[in-house]
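# Remarks on the overall topology
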Amino acid sequence: MQLWNQAHLQLIEVRLCTVEVAMDFSMPTSGFIYAADHIQYVEFGDVRYTEPADIVLHGGSGTPVKIVPRFNRGRFYLVTYHAEWGRNTDSRWRRLAEQSHFGERVSTVHAGAETSLRMLLHTMEEIWQQRQPGAQLQAKAYFLSFLYEWIKMQHQQSERTDSSPIAQVIQYMQHFYAQPITLKQLAERASYSVPHLCALFREATGYTAIEFLTRLRVEAAKTLLTDSTLGLPEVAEKVGYRDPSYFGRVFKRIVGLSPLHYKHAGQNKPSLAPGPATEVSEFNPLTIKRSLLRNIEHALGEAEITAIPQRIIALDWTMAEYLLALGIIPLGVSEACDMHRWVGLPMTIPDGIEDIGPRIQPDLQRIAELSPDLIIGIRSLTAPHYDALQQIAPTVAYDLFPPRKQTSEYESLEFSFRHLASVLDRGTLAAGIQYRLEDSYKEMREHIRTSRIVTSKVMIAFGYSRHQNSLLRLSNDGSLSVGVLERLGLTNAFKPGHYEPYGFTTAHIDEIEIEDNALMMYVVQRDDKIALSRLLKERNWRMLNVSSHRRSLMIPSGMIWPYGGPLSVNRLAVAATRSLTLQSSRYR
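Rules used in this analysis
Residues numbered from 1 in each chain as written. Predicted model: local features only at pLDDT ≥ 70, side-chain atom pairs only at ≥ 80, totals over all residues. Heavy atoms only, no water. pLDDT = per-residue confidence, 0-100. Contact = heavy atoms within 4.5 Å. Pairing = 2+ DSSP bridges. Helix = DSSP H or I, 4+ residues; strand = E, 2+ residues; numbered from the N terminus. Axes fitted to C-alpha atoms, helices over the stretch in contact; angles between N-to-C directions. Buried < 20%, exposed > 50% of the residue type's maximum accessible area, 1.4 Å probe, protein only. Expected span 1.5 Å × (residues − 1). Salt bridge = Lys/Arg side-chain N within 4 Å of Asp/Glu carboxyl O. Polar contact = N/O pair within 3.5 Å; in protein donor to acceptor, adjacent residues only side chain to side chain. Arc of directions from axis to C-beta.

Regions with low pLDDT should not have their predicted coordinates read in detail. Residues at a pLDDT of 70 or more form 79% of the protein chain, whose mean pLDDT is 78. Below pLDDT 50 for its whole length, residues 539-558 participates in 69 contacts with residues either more than four positions away or in separate chains.

Take a look at the structure:
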């Protein structure tokens, strides 16, 4: 509320829009969208809102928006504005606005049907469209009233979901660390006695309240020392210390270097480790969230996690893909050097990820040296080392190969991806990824249908060579790749004679029989000359060659990982759709 009061606001546009077909656009500047009537769903940022009537959405410039009407005629309000900060605005407010991404953050308020917000928007829009002298000023007055009601609803909803007094105290310290703060003030804010506050705060964070505040100030000082030309007295004052000498002693105790040495050393690099007699600072105030301590249930038991993990080890490539899809670079990955060869993703796999050894036997000593705060893996690979891994860091395992008939591998992927995203406080991003994937399936399914391929029965195989022999892994019902085929409107033509726990049956090429009314699609790594050559010679097969040299420009050979996450399955779906629709004329 105080930030909005400090900002200089310019109302740019107020419009009641009618939409008859799906509309895609990006927010031209900061603004609000209010779904008024007959809107089927709104995609705003990374989230889809179904039945979005009376939901107020706020976002910054460039936020992607998709609005789909119901009955070919829907209406929504669009209000855009621009916020500026005057020259005389206190630098504290400028800094807080920058830290909170003022005007840019995507936020949602469920206003409900009985609300003054819609009435204010209606009146604001009518006045704005009059284009009479003074109308814009009057509309701005209504806009300020609209902001007040919106902020009030935000606070009411926030109080229902984030009522922890300790979380409120932490948020207060994060905003006002540069001001004098006493334990009595904090206790009054939480409605606790000072001793009760101190006990609960330490239990929740592992720090006393004063030590937490001190470390907040030191983290802010680090940034000022490396990113500004300020001298030591100015830095000390800006982070809440009137005595530069005292500030210097506090800084050295926590960081291990004096402020001047830290400044001269440049950026905060791992090489600036303090000596053996000093304390290593592992404090990161950004990890202090609503849920300060959580028990996470997973396939091998429970893991106790404090705050939001930042330093994460992935014990296999699928978990590493989950992290990359969520915008997180893993600290270490098993067989990281080979991941580039096998796993194809829409983004570059970053260099510098530590290799922590084989997937079946990770290097526990190396993992411990990296000091992770979370280890993630799949059940089958994690179980043999679970007790040792738990001694290093909280360890969470997912069962991606569920028991027969209980659930499919695709459903396990969806659950585990959502679960991990929730642990890492990225549930909204994960939901957006899954919504977009479902939309992609719908478009590809329609494209396949209109291409009129001769049959919908498909065998999907992944070819490779071993000991000079060419082998195929044929996907069974319930496997991840068959789950992709089913979402494209296809059916699996391969029916094994027995149950396979990992979703595929391995066979020699000579052992494969293909029904007359079925197609085979295969993927072979481009540099596997033995398997590729043998497969290309089998002219009697009705094949869809996904990865031959002739098609390598369209689908990168050997970069479709059939055991991966949401990015890999999307890549497989695109490869299958392109191959089916481009080569379908061969089989009519």
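What follows continues from the structure just given.
For the rest of this paragraph, the subject is the sheet that holds strand S8 (residues 74-84). The strands making up a sheet are joined through hydrogen bonds of the backbone, oriented either antiparallel or parallel. The strand order across the open sheet formed by five strands is S1-S8-S3-S6-S9, and the pairing between neighbours is antiparallel. The sheet terminates laterally at strand S1 (8-19) and strand S9 (107-110), the two strands that pair on one side only. The mean angle between the axes of side-by-side strands here comes to 15 degrees, regardless of whether they run parallel or antiparallel. Inspection of the sheet shows strand S3 (residues 31-37) paired to strand S6 (residues 55-59) by four bridges, in the antiparallel sense. Paired with Ile-33 across the strands is Leu-57, a residue of S6.

Right, let's talk about the sheet that holds strand S12 (residues 312-314) for a bit. Strand order in this open sheet of five strands is S14-S13-S12-S15-S16, and the pairing throughout is parallel. On the outer flanks of this sheet lie strand S14 (354-355) and strand S16 (395-398), each paired with one strand and no other. As paired strands, strand S15 (residues 374-378) and S16 are joined by four bridges and run parallel to one another. The partner of Ile-375 across the bridge, within S16, is Thr-395.

A large share of strand S18 (residues 469-475) lies buried, amounting to five of its seven residues. Across six bridges, strand S17 (residues 457-466) lies against S18 in antiparallel orientation. Within S18, the position partnered with Arg-466 by the bridge is Asn-469. With five bridges connecting them, S18 and strand S20 (residues 504-508) associate as antiparallel partners. Across the sheet, Leu-474 pairs through a bridge with Thr-505, a residue of S20.

For helix H10 (residues 244-255), built from 12 residues, the straight-helix expectation of 16 Å at 1.5 Å per residue is met to within 8% by its first-to-last C-alpha distance of 16 Å. Downstream of H10 by one or two residues, Gly-256 has phi in the positive range, about 95 degrees.

A full pass over the atoms with the stated rule returns 10 salt bridges. Where Arg-215 meets Glu-211, a salt bridge forms, and the shortest distance between an N and an O atom there is 2.9 Å. In this pair, Arg-215 and Glu-211 are both assigned in helix H8 (residues 209-227), four residues apart and thus about one turn of the helix distant. With a relative accessible area of 3%, Arg-215 lands in the buried category. Accessibility expressed as a relative area gives 19% for Glu-211, which makes it buried.

Polar contacts involving the side chain of Glu-211 include one to the side chain of Arg-215, which spans 2.9 Å. At a separation of 3.3 Å, a polar atom in the side chain of Glu-211 contacts the side chain of Arg-253. Beyond its immediate sequence surroundings of up to four residues, Glu-211 is in contact with Arg-253 and Ile-254.

For helix H6 (residues 183-190), the complete set of buried residues consists of Leu-186, Ala-187 and Ala-190. An end-on view of H6 places all buried positions within 100 degrees of arc, on one side of the element. When the buried face of H6 is taken as reference, the exposed residues oriented beyond 90 degrees from it are Lys-184 and Glu-188. In the segment just after H6, Ser-191 is the residue with positive phi, at about 60 degrees.

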